[in-house]
Amino acid sequence: MHAVRRKVTITLASLLAFWFAGGFAGHALAQTPARPTSAEVPWPVVLGQRTAALERDWKIVDQVVLVPDERTYLDELAKWSAEGRWPVLIEDGFYAPMFVRAFAPARVVRRASVGAMPADRVEREKLIATTAAEASADGSTDVLAAAAQRGIAPSMIVLADAADPAWTAAVALAAGRAAPIHFTTTWYGRPDDAMDAVHVTMLSQELERAAESTGRAWKGLGDPIDAFVICRDIAWKCVPDLSPALRIEIPGGPYPTAPGQPIATLNVLGRHSDGMWWAIGAGIFGGAERSAYVAMCSLFAPRRGAWLTNAYDGGPGWDAYDVGPAARKFEQQGFRTRTWSREDNSLDAWRRVLMGGFDCDVLLVNSHGVSTQFGLFGGGTATVGDVPLFARPVAVHFLHSFSLQSPASTATVGAAFIENGSYAYFGSVHEPLLQAFVTPELLAERSGYLSPFAVSARVYEGAFARPWRTAAYGDPLMILATPARLGVRRVPPPADGAGDL
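Residues numbered from 1 in each chain as written. Predicted model: local features only at pLDDT ≥ 70, side-chain atom pairs only at ≥ 80, totals over all residues. Heavy atoms only, no water.

Student: Any details on the overall build of the protein chain? Residues and values, ideally.
Tutor: Helix and strand content of the protein chain: 16 helices and 21 strands. On C-alpha atoms alone, the protein chain measures out to a radius of gyration of 21 Å, which is about the 23 Å that the 2.2 N^0.38 rule sets for 501 residues. Counting only C-alpha atoms and orienting by the principal axes, one finds that the protein chain spans roughly 65 × 50 × 45 Å. Within the protein chain, buried positions represent 62% of all 501 residues. Counting contacts in the protein chain only where the partners sit at least 6 residues apart, residues at least 24 apart contribute 80% of the total. Accessible area of the protein chain: about 17500 Å², with a carbon and sulfur share of 52%. One way to put it: in the protein chain the 45 positive side-chain charges average out to a point 4 Å from where the 50 negative ones average out. (Helix = DSSP H or I, 4+ residues; strand = E, 2+ residues; numbered from the N terminus. Rg over C-alpha atoms; globule rule 2.2 N^0.38 Å. Buried < 20%, exposed > 50% of the residue type's maximum accessible area, 1.4 Å probe, protein only. Contact = heavy atoms within 4.5 Å. Areas by Shrake-Rupley, 256 points an atom, 1.4 Å probe, with all protein chains shown as cover. Lys, Arg positive; Asp, Glu negative; His and termini not counted. Charge placed at Lys NZ, Arg CZ, Asp CG, Glu CD.)

In structure tokens, the structure reads:
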């Protein structure tokens, strides 16, 4: 998405037709799908409906509980029951206050420590897995058994390492999504690294074994298992051994493809060797406090306001990415929206908005640049210092090149968004070309059918359905919808005498 313009080869109309015409088999190069019968519902919509139904089925207790450490975090999660669940955060000075502001609970409770986590890895794994099961259904010691007890079929699998602090996201998402945890200790690199072909294959096989262990169908999109989340460090870039039919070649421009250039690990995983998807995935990494925050935001944070901004100056192809049509669709879904484009999105204009604070729950940005900067209208160049601090937890779609090139380095744009409170983020690890991203209007359209954010942001037709460079941070089942559309309910906290902060 650099300033050099390129013709958009995948039109909005063709993508909309593909999405709602039943073409969801996950082909690397999809053919024109047949018109479905009235009984057929696209798999992303089914996935979103199942996720939303689970959220509606579980009452939300109108409180936030702050805990001082990981062991107390597990102890509090284990108190979730069929009667209700509530946000649990490891208290810090940044993420917890941001979440509390947005959630606006009837009370905030602070708990004293119940002790330390076990030092032994096997004991830690057992405690984490048992807590996820207990939080899913009373008296259960296994998430799959707990799901069966409640008549729920899991929709995703969770990979975690009990020695990696991001397990705090894994346990909450396992409980909240009725998703089994698969523990792995193999080293797959740091988020800023690039994974070699051997380790990509190893990790892919681990995911497949985890899916197989559920006893549910998983080998195609539309099966019960259609998503995965990796809650631990892995290299977010990789150089896999792809067949020529699965490679994307960029012959010219400022970033032509060359041997050894990376693509996104999370865009390679969840596919069979022929490039067909069997699951759509995302990753979560970072400290225990932030990882718990990411999971709690996905499960509980209200989403009511959507801001959309466009730095492109228009023209053939680029006009399809205008944010106005997307804003109108979000408004129809009950969101409060704000848009600014072109002249209103100069560097000075961006900084004026920055000074007033970004008080939104969803942010869509069309930009261009490299990992350390993003371009605005009229040639203005914003830096990492211009990444906003948010008043509320936010889900971000950042249409831009390289923003996730080094997702753990806060000297880069994507990492700064995540560090500043983005609990869901969709971006690119390298130059992807404009058409590797769906248009804002299509993202809003898909979200209106309750398709999860990480699923809605993918391209499923044409060359850019092949393994490529876009990737998602956060919970792959998080839905961009208002509480009213999801139908979630809050109930008063119990009269247990707990102090209210």
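And the narrative resumes.
Student: Tell me what's going on with the sheet that holds strand E7 (residues 194–195), and back it up with residues and numbers.
Tutor: Strand order in the open sheet formed by three strands is E7-E9-E10, with mixed pairing between adjacent strands. The two strands at the open ends of the sheet, each matched to only one other strand, are E7 and strand E10 (263–264). Looking at chain direction, E7 and strand E9 (residues 237–238) are connected through two bridges and run parallel. If you follow methionine 195 over to E9, its bridge partner there is cysteine 238. (Pairing = 2+ DSSP bridges.)

Student: Describe helix H2 (residues 43–57), naming the residues involved and giving the relevant values.
Tutor: An α-helix turns once per 3.6 residues; consequently, residues spaced three or four apart project the same way. A rise of 1.5 Å per residue sets the reference length of H2, with its 15 residues, at 21 Å; its end C-alpha atoms lie 21 Å apart and thus fit the reference within 8%. Those residues of H2 that fall on the buried side of the exposure criterion are Trp43, Pro44, Val45, Leu47, Gly48, Thr51, Ala52, Leu54 and Glu55. (Expected span 1.5 Å × (residues − 1).)

Student: Describe in detail the packing of helix H3 (residues 70–77) against helix H5 (residues 121–136), supporting the description with residues and values.
Tutor: Axis angle and axis distance: for two packed helices, these are the angle between their axes and the distance between the axes, and together they describe the pair. Contact geometry for H3 and H5: axes closest at 8 Å, N-to-C directions at 30 degrees. Considered as vectors, H3 and H5 are oriented roughly parallel to each other. Residue-level contacts link Glu70, Arg71, Leu74 and Leu77 of H3 to Arg124, Leu127, Ile128, Thr131 and Ala135 of H5. The residue inventory of the contact of H3 with H5, partitioned by class, reads five nonpolar, one polar and three charged. (Axes fitted to C-alpha atoms, helices over the stretch in contact; angles between N-to-C directions. Parallel < 35°, antiparallel > 145°, perpendicular 65-115°, else oblique. Nonpolar A, V, L, I, M, F, W, Y, C, P; charged D, E, K, R; others polar.)

Bear in mind that shape data such as this cannot, by itself, settle questions of function.
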